[in-house]
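Tertiary structure, described
Letter by letter, the chains look like this.
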Amino acid sequence: IGPTCPYTPPSPPGYHCFEPDADDVFDFFQQHTLDNAQLDLNVTTDESKPFYWLNLDQAVSVHWSQVQAAANPSAQALTLTVSDTQTLNLGINLGTDPITGTDGFVRPGLGFMTGTYTVSYGVSHTLVDYTTGYLSFTAPLAGQYVVTITRVPDIIIPPDPEYLVWIPFARK
């Protein structure tokens, strides 16, 4: 029982307000590593916080939010299934550069390329230019909905042959 939570009958001693030594906690977690290649997330939370490459920010008030996310790096695509009773601000670190949070922890990116992405949810389809950091947006729907983020392929338009200038070449 920690110093801020004295034993109060009828609670059994040792079950409430346990405050372990911080060094013991860090020693325990030091043997574990974060899987930076985490492509699938299933998050249920009652607070705003980052999870790997996904940042959840509850825009209105503290409540339960649930997000299932599946990333496909080879297709440069991400699908999120969101269940929320309020609007939710979402940030996705699509890039290769990790982001260091205010807590000092480094969070990996998905390794997607820079470029233009389509963010789609409901009947809304928005083009977003992504370079680095979080691709952020507010999904203003309440209930359950699917968000897809897909990279728009680079389109190379060949020159029109009608406007090409041909220079004769003579060889000796």
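The rules behind these values
Residues numbered from 1 in each chain as written. Predicted model: local features only at pLDDT ≥ 70, side-chain atom pairs only at ≥ 80, totals over all residues. Heavy atoms only, no water. Helix = DSSP H or I, 4+ residues; strand = E, 2+ residues; numbered from the N terminus. Buried < 20%, exposed > 50% of the residue type's maximum accessible area, 1.4 Å probe, protein only. Contact = heavy atoms within 4.5 Å. Areas by Shrake-Rupley, 256 points an atom, 1.4 Å probe, with all protein chains shown as cover. Pairing = 2+ DSSP bridges. Axes fitted to C-alpha atoms, helices over the stretch in contact; angles between N-to-C directions. Core = buried A, V, L, I, M, F, W, Y, C linked by side-chain atoms within 4.5 Å. pLDDT = per-residue confidence, 0-100. Phe/Tyr/Trp six-rings, centres within 6.5 Å; stacked < 30°, edge-to-face > 60°. Polar contact = N/O pair within 3.5 Å; in protein donor to acceptor, adjacent residues only side chain to side chain.

The next thing to look at is the overall build of the protein chain. Each helix and strand counted, the protein chain has one helix and twelve strands in total. The order of helices and strands in the protein chain, counted from the N terminus, is α-β-β-β-β-β-β-β-β-β-β-β-β. Scored against the burial criterion, the 172 residues of the protein chain give a buried share of 28%. A fraction of 51% describes how many contacts in the protein chain between residues 6 or more apart in sequence connect residues 24 or more apart. In the form shown here, the protein chain has an accessible surface area of approximately 11,800 Å², with 59% of it arising from carbon and sulfur atoms.

Spatial strand order, β2-β3-β6-β11: four strands in an open sheet with antiparallel pairing. Looking at which strands have only one partner, the edges of the open sheet turn out to be β2 (49-51) and β11 (134-139). The mean inter-strand angle of the sheet, taken between neighbouring strand axes irrespective of direction, is 20°. Bridge count between strand β6 (residues 88-93) and β11: six bridges; the pairing is antiparallel.

L80, I92, F137 and I149 are the most contacted members of the largest nonpolar core, which totals 28 residues. In this structure I92 touches W53, L54, L78, L80, L110, G133, Y134, L135, F137 and I149, once residues within four positions along its chain are discounted.

A word on the confidence of the model for the protein chain. A residue-level look at the protein chain finds 77% of positions with pLDDT of 70 or above and a mean pLDDT of 82. When mean pLDDT is taken per element in the protein chain, strand β4 (residues 65-72) scores highest with 95 and helix α1 (residues 22-30) scores lowest with 80.

It is worth spelling out the packing of aromatic side chains at this point. For the coordinates displayed, the defined rule picks out three aromatic pairs. Seen from their ring centres, F112 and Y117 are 6.4 Å apart, and the 15° between their planes marks the pair as stacked. Since its relative accessible area comes to 3%, F112 is described here as buried. The buried category is assigned to Y117, whose relative accessible area is 0%. With centroids separated by 6.2 Å and ring planes inclined at 90°, the aromatic side chains of Y117 and Y130 adopt a geometry described as edge-to-face. With a gap of 13 residues between them, Y117 in strand β9 (residues 115-121) and Y130 in strand β10 (residues 124-130) connect regions that are remote in the sequence. Aromatic ring contacts, followed pair by pair, group F112, Y117 and Y130 into a single cluster.

Moving on to the sheet that holds β4. Reading across the sheet, the six strands line up as β1-β4-β5-β12-β9-β10 and stay open at both edges, with antiparallel pairing between neighbours. The open sheet has two edge strands, β1 (40-45) and β10, and neither has a second partner. For this sheet, the mean inter-axis angle between neighbouring strands, taken without regard to orientation, is 15°. Strand direction decides the pairing type here: β9 and β10, joined by seven bridges, are antiparallel. Bridge pairing in β10 places V119 opposite T126.

Secondary-structure assignment places N93 in strand β6. Taking the relative accessible area as the measure of exposure, N93 reaches 2% and is therefore buried. With near-sequence residues (within four places) excluded, N93 lies in contact with W53, P98, I99, R107, P108, G109, L110, Y130, G133 and Y134.

Glancing now at the environment of R107. Positionally, R107 belongs in strand β8 (residues 106-107). Residue R107 is classed as buried on the basis of its relative accessible area of 12%. Polar contacts involving the side chain of R107 include one to the main-chain carbonyl oxygen of F105, which spans 3.3 Å.

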